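# Results of the structural survey
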Amino acid sequence: MEAVNTEEIPLRHVEKDVLIPKMMREKAKELCAEKVEAFNHCCKDSGFFMVFKCREQNAAMKECLTIHYTDPVFYEQCKQEYIQEKLEFQRTGIAAKNRKQKLPASM
């Protein structure tokens, strides 16, 4: 099978504006996990006063996430990963989330 140039793969509007940014958000949350966890912990501990008590953690979390959301290199990495998953789905017919599941031992 020939290698496909991922630059030539046309993407639909929903893929560019919804699916790839969704992937970016998920990956950014993983990359900023420490700050997201600090904010979540602060919110749980503060209760109703979290709006006032967790401003620092919220600002740090937003800053970290925004850095990744606005990074064109990060967008391209996610876009290439999305295209690879799309090509794999077209080839096998198995979605990425189903492909990652373990097969039962007794088949």
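Here's what I pulled together on the structure shown here. Every residue gets a number counted from 1 within its own chain, in the order that chain's sequence is written. Reporting in this predicted model follows two pLDDT cut-offs: at least 70 for local features of residues, and 80 or more for side-chain atom pairs to be given and counted; totals over whole chains, interfaces and linings ignore these cut-offs and use all residues. Side-chain metrics rest on all non-hydrogen atoms present in the structure, leaving aside hydrogens and water.

### What to know about the layout of surface pockets
To find leftover empty space, a probe the size of one water molecule is rolled over the atoms. The volume enclosed by the largest pocket comes to roughly 550 Å³. The definitions used throughout rest on a 1 Å grid laid over the protein atoms alone, on which a cavity is an enclosed set of points accommodating a 1.4 Å probe that cannot get out and a pocket is an open set flanked by protein within 12 Å on both sides along at least five of seven lines; lining residues are those having an atom within 4 Å of a point. As for the largest pocket, its lining consists of 15 residues, of which Met23, Tyr82, Glu85, Ala96 and Lys97 are closest to the centre. Numbered from the N terminus, helices here are DSSP runs of H or I no shorter than four residues, and strands are runs of E no shorter than two. Elements with a minimum of two residues in the lining of the largest pocket: helix 1 (13–31), helix 5 (72–92) and helix 6 (96–99). If one sorts the elements of the lining of the largest pocket by residue count, helix 1 sits on top with six residues. Grid points are joined across faces, edges and corners, and a volume is the space filled by probe spheres set on the points.

### Some words on a positive patch on the surface
Among the surface-exposed residues, Lys22, Arg25, Lys29 and Lys97 lie close enough to one another that they form a single positively charged patch. Take the positive patch: its biggest share by element is three residues, from helix 1. You can see Lys97 is positioned in helix 6. Residues form patches when they are more than 30% accessible in relative terms and have no salt bridge. Like charges link within 9 Å. Nonpolar side chains (Val, Leu, Ile, Met, Phe, Trp, Tyr) link within 5 Å. The accessible surface values rely on the Shrake-Rupley method and a 1.4 Å probe; as for residues, cover is taken only from the protein chains in view. When a carboxyl oxygen of Asp or Glu lies within 4 Å of a side-chain nitrogen of Lys or Arg, that pair is called a salt bridge. Note that His is not counted, nor are the chain ends; the positive residues are Lys and Arg, and the negative ones are Asp and Glu. Charge positions come from single atoms, namely NZ of Lys, CZ of Arg, CG of Asp or CD of Glu.

### Remarks on the environment of Met50
With respect to the helices and strands, the residue Met50 is situated in helix 3 (residues 50–53). Burial classification: accessible surface area is computed with a 1.4 Å probe over protein chains only, and a residue below 20% of its type maximum counts as buried, one above 50% as exposed, and the rest as partly exposed. Given the relative accessible area of 36%, Met50 is considered partly exposed. Taking C-alpha positions, Met50 is 9.9 Å from Asn40, a pair spaced ten residues apart along the chain.

### A few points about helix 5
Given the number of residues in a helix, its expected span is that number minus one, multiplied by 1.5 Å. Between the first and last C-alpha of helix 5 there are 30 Å, a value that for 21 residues agrees with the 30 Å anticipated at 1.5 Å per step. All of the buried residues along helix 5 are Phe74, Cys78, Tyr82, Ile83, Lys86 and Leu87. Two or three places before Val73, at the start of helix 5, stands the capping residue Asp71, its side-chain oxygen 3.2 Å from that residue's backbone nitrogen. One or two residues past the end of helix 5 sits Gly93, with phi positive at roughly 80°. We call two N or O atoms a polar contact when they sit within 3.5 Å, provided that within protein one can donate a hydrogen and the other can accept it, with sequence-adjacent residues counted only if both atoms are side-chain atoms.

### Thoughts on a nonpolar patch on the surface
On the surface, Phe48, Phe49, Met50, Val51 and Phe52 cluster together into a nonpolar patch covering about 630 Å² of accessible area. Tracing the backbone shows Phe52 in helix 3.

### Focus on the pattern of salt bridges
Within the structure shown, the criterion is met by four salt bridges. A salt bridge links Arg12 to Glu15, with the nearest nitrogen and oxygen atoms 3.6 Å apart. Three or more residues joined by partner-sharing salt bridges are found here, namely Arg12, Glu15 and Lys86.

### Quick word on helix 2 (residues 33–46)
For helix 2, spanning 14 residues, the distance from its first C-alpha to its last is 20 Å, which sits close to the expected 20 Å at 1.5 Å a residue. The secondary structure elements touched by the buried residues of helix 2 are helix 1, helix 3 and helix 4 (55–69). Throughout, a residue-residue contact means that at least one pair of heavy atoms, one from each residue, lies within 4.5 Å.

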